[in-house]
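Descriptive analysis of the structure
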Amino acid sequence: MAALLSVDRVSKRFGGLAALEDVSLSVMAGEIYGLIGPNGAGKTTLFNCMTGLYTVSSGAIRLLGQPVQNSKPHRIVELGFARTFQNIRLFSNMTALENVMVGRHIRTRTGVVGAVLRGPFSCAEEQASRQRARELLGFVGLAGKGQALAGHLSYGAQRRLEIARALATEPKLLALDEPVAGMNPSERREMGDLFRKLRDAGITLLLIEHDVKLVMGLCDRVAVLDYGRKIAEGTPEVVQRDAAVIEAYLGGEPA
Amino acid sequence: MDIFVQQLINGLVLGSIYALVALGYTMVYGILELINFAHGEVTMIGAMVALAVIGALLGANPDLPGLLVVVAGVLVAVPACMVLGFVIEKVAYRPLRKAPRLAPLITAIGVSIVLQNAAMLIWGRGYVSFPAILPRGRHEILGATVTDLQIAIVALSVLVMVGLVLLVERTRLGRAMRATAQSREVAELMGVNVDTVISATFVIGSALAAIAGVMVSAYYGLAHYYMGFLLGLKAFSAAVLGGIGNIMGAVVGGMLLGIIEALGAGYIGDLTGGFLGSNYQDVFAFLVLILVLVFRPSGLLGERVANRA
Amino acid sequence: MTALVARLRRNPLLAYGLLAVLLLLLPFLVGAGLGRGWVRVLDFVLLYSMLALGLNIVVGYAGLLDLGYIAFYALGAYLFAWLSSPHFGIHLPFWLVLPTGAALAGLFGVLLGAPTLRLRGDYLAIVTLGFGEIIRIFMNNLDAPINVTNGPQGINLIDPIRIAGLSLGQTTQLAGITFSPPHLYYYFFLAMTLATVFVALRLQDSRIGRAWAAIREDEVAAAAMGINTRNIKLLAFAMGAMFGGLAGGLFAAFQGFISPESFNLMESIMILCMIVLGGMGNVPGVLLGAFLLTVLPEALRYVGDWQRAVLGNVVVDPNDLRMLLFGLAMVMMMLYRPAGLIPSRQRRREFDADDGVAEQEQASLYDAGA
């Protein structure tokens, strides 16, 4: 099976500091792939490289076989790779529905003329966007919250809204940056359910997490970053027993 | 050939004035990432205050030695501008540090309009002339003429800049300023009083602006309520050219811009076959600004600042 | 009175009908009540409304600070003068010249925006400022060796707008009523302003408008949601410039005369003031701002008369005072009522929200250094 996303020997340097060194990994269609590692291991940096917010210093990133390492973020979203942010970045003064509708931007075409004249095409498109946005809000469990301001939603709801907004771009691959950070166990379970629902809907998930338990229970495969290098990759069972991982990440004790 | 040397010298003089003003922009930008639009107006106020003092002194006793009178003017203008810079920051920028970016930019423009029009109400719409009281020696160098005033401007600028660099590199305040520029939060955690540092930055920048203002008005023999606008814009261009946020960059950028402008004005007629004349001198600063932003937004000496731009 | 208001609330059609009648009668009411000079002021209110609505797309919708907006106004005005006056001996009809002027201004908007819009907002402010000055320097100096702009004297005898044989520049009798040029232009400008309002409102509530709001709120997140931030910013910039160019053409035809003096930086700033004062991003607010800042300076003229009456002579020229007050108003508004007199819902929330986090992180959108 071809890799949906492949990262090939990617390095990223900030001045003299190497945040990523020769990281390679590949995400297969249909799986839930976990990216774990201690704080400062370079997980978010890798995320930002993959989603076009950073340019890589060297190496290649391919999405569906296409090189994207120097593509702009919108290009990558267009190819079917959407993301959320570790520190939630919603358009907090827009409503939840509007947030999700912004996600529809790349999949819709209405331009200035259409927006002003509101011909049949633009009207239908706008209607469809609104409809789709409502469905997505329902899908992530925010039905009826459409008119609430994004900034006024509860923390958990904001996390869900970010996922809905990303889903609006019709991603094949959805990258979630610490989606359950700061949640209590029952909220975490609910989010886990949502992730499985996403996978069942045919979306490949790339998960950055701190919560080892969640990752181990949920992911098909896991990669471990430490000091900007990949130190292990494989199924949760294999990774859990990896000596380097235990040494670096689990603090010397088997989890 | 002598035109070239002459324009080079003129450019250097102009450039050292730009550099002094550019330092004010760059220091504030380095710390607050704010373009202090009102900075050009502070320069103008410096010139106006100095001229008022000079006028008053000469009015009281026309026989006072010229140099002494001008020095007195500077000695009043500098603290006046320091107070002004302090007040501007406190009133117009500090309350808006957490506001959306647009807000302090708009107050900055507001402040500069207020200063301009206040100056117009106080000193009138016309030009205020700088009395001819300074020594007017002329020297020949390589077929070009250099005046005492030009030498004095360059020398004083260099002196002030060296002083500033020493202040930033060697003193406690300078260290606090550099720390704040790196990261306001971290500096604060390390016990730096960030508010004081920011105030000090505005005060120092304004002092430099006052000196530059007096220099400009002495050089051109006049001052005008509107002079700060163009001067400020050019100095900002100079700061961007050198790499905004970088002190040496402001110096290099200022000098370079002065030279580009002087040479450009001297040769534009020949270059365009007489189509454009030296009245386009003011265009160069903007062309430089736009070209730098297009091709090297971090400026000549800029490093990391690129990703801030 | 309250009964009337309540009734209008219930019946918007009636409210709009009343408003329409009021707008149609306004020049006559104003002309009779305040004097004929005020009809011209009304015309300028409409012109400035168009300009402010155009700039509002750039500043209010997309959050980009454009300080050289008047340059686009100037381009539209000069193009109209070139193509519709004895200056070059060309006399094209207005319906051809106005769109051309708008297109030219839009083109310049793109040319100027393309290199600068990938940089942070304050650079755009300064570059547009410089651009405005460049345009003015060229207008002032391009009278030799080829006389393009006629220098500081400006261009004279610009054709008035003619619609189906009716020249708006001549007093006309229609159905027994006398319409002076300011009256005629009033109706033309009113139609154009309403069209502008329509376009502005429709754009705001559309896919494009949401994209603008998104980049204004959080550019990084907008990019990560698939918005081509550079293009969408360019679009705002070009749209604003087009409105500026259009208004410029109207201004040239209305005045019959243009010179560089009409297009200085202070004009740009005054238009910005209108937006800030009225309420950034909010169409009714912007219209109010345009109205207040056009009418108040005229009213300030009475301050001169008042000084003469009370103090015997004019101590402070009200014209000088005007800009000082504008500057103060800008500072005060930002400090105490940053969202404007009639804020848009969204803007008010932005200014009230006490977190600069997103703003600070804007900075690291792309690390160009790498």
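See the structure printed just above.
Residues numbered from 1 in each chain as written. Chains lettered and ligands numbered in written order. Predicted model: local features only at pLDDT ≥ 70, side-chain atom pairs only at ≥ 80, totals over all residues. Heavy atoms only, no water.

1. Overview of the overall build of chain A
- Looking only at helices and strands, chain A has 10 helices and 10 strands in total.
- Counting only C-alpha atoms, chain A reaches 65 × 40 × 35 Å along its principal axes.
- The proportion of buried residues among the 255 residues of chain A is 56%.
- By sequence separation, contacts in chain A at least 24 residues apart represent 67% of the contacts at least 6 residues apart.
- Of the roughly 10,400 Å² that chain A leaves accessible, carbon and sulfur atoms contribute 51%. (Helix = DSSP H or I, 4+ residues; strand = E, 2+ residues; numbered from the N terminus. Buried < 20%, exposed > 50% of the residue type's maximum accessible area, 1.4 Å probe, protein only. Contact = heavy atoms within 4.5 Å. Areas by Shrake-Rupley, 256 points an atom, 1.4 Å probe, with all protein chains shown as cover.)

2. Quick notes on the sheet that holds strand β2 (residues 17-28) of chain A
Residues and elements named next belong to chain A.
- Taken in spatial order, the four strands of this open sheet run β2-β1-β4-β5, and their pairing is antiparallel. Bordering the open sheet on either side are β2 and β5 (66-67), each of which pairs with just one other strand.
- Across eight bridges, strand β1 (residues 3-14) lies against β2 in antiparallel orientation. Across the sheet, the residue bridging to arginine 13 is alanine 18, located in β2. (Pairing = 2+ DSSP bridges.)

3. Some words on helix α3 (residues 37-61) of chain C
Residues and elements named next belong to chain C.
- Spanning 25 residues, α3 covers 35 Å between terminal C-alpha atoms, matching the ideal 36 Å at 1.5 Å per step.
- Approximately 35° is the largest bend angle found in α3, and it occurs at leucine 55.
- Glycine 63 lies just past α3 and shows a positive phi near 75°. (Expected span 1.5 Å × (residues − 1). Bend = angle between axes of the 7 residues up to and from the residue.)

4. Observations regarding the interface of chain A and chain C
- Residue-level contacts link 39 residues of chain A with 36 residues of chain C.
- Together, the buried faces of chain A and chain C total about 3,400 Å²; carbon and sulfur atoms form 57% of this surface.
- Of all residues in chain A, Arg89(A), Asn93(A) and His105(A) bury the most surface against chain C, accounting for 21% of the area lost on that side.
- Our enumeration of links across chain A and chain C arrives at three salt bridges. (Buried area = accessible area lost by both parts, 1.4 Å probe. Salt bridge = Lys/Arg side-chain N within 4 Å of Asp/Glu carboxyl O.)

5. So, the interface of chain C and chain B
- With 57 residues of chain C at the interface, the matching set in chain B holds 53 residues.
- Of the roughly 4,800 Å² buried between chain C and chain B, counting both surfaces, carbon and sulfur atoms make up 75%.
- At the junction of chain C with chain B, the criterion picks out zero salt bridges.
- Linking chain C with chain B are zero residue pairs in polar contact (both at pLDDT 80 or more), by the criterion used here.
- When contributions to the side of chain C that touches chain B are tallied by element, the ones reaching two or more residues are α5 (94-116), α6 (121-141), α11 (265-278), α13 (318-336), α14 (345-352) and α15 (357-362) of chain C.
- If one sorts the elements of the side of chain C that touches chain B by residue count, α6(C) sits on top with 12 residues.
- Split by residue class, the side of chain C that touches chain B holds 37 nonpolar, nine polar and 11 charged. (Polar contact = N/O pair within 3.5 Å; in protein donor to acceptor, adjacent residues only side chain to side chain. Nonpolar A, V, L, I, M, F, W, Y, C, P; charged D, E, K, R; others polar.)

Any link to function would need more than the numbers given here.
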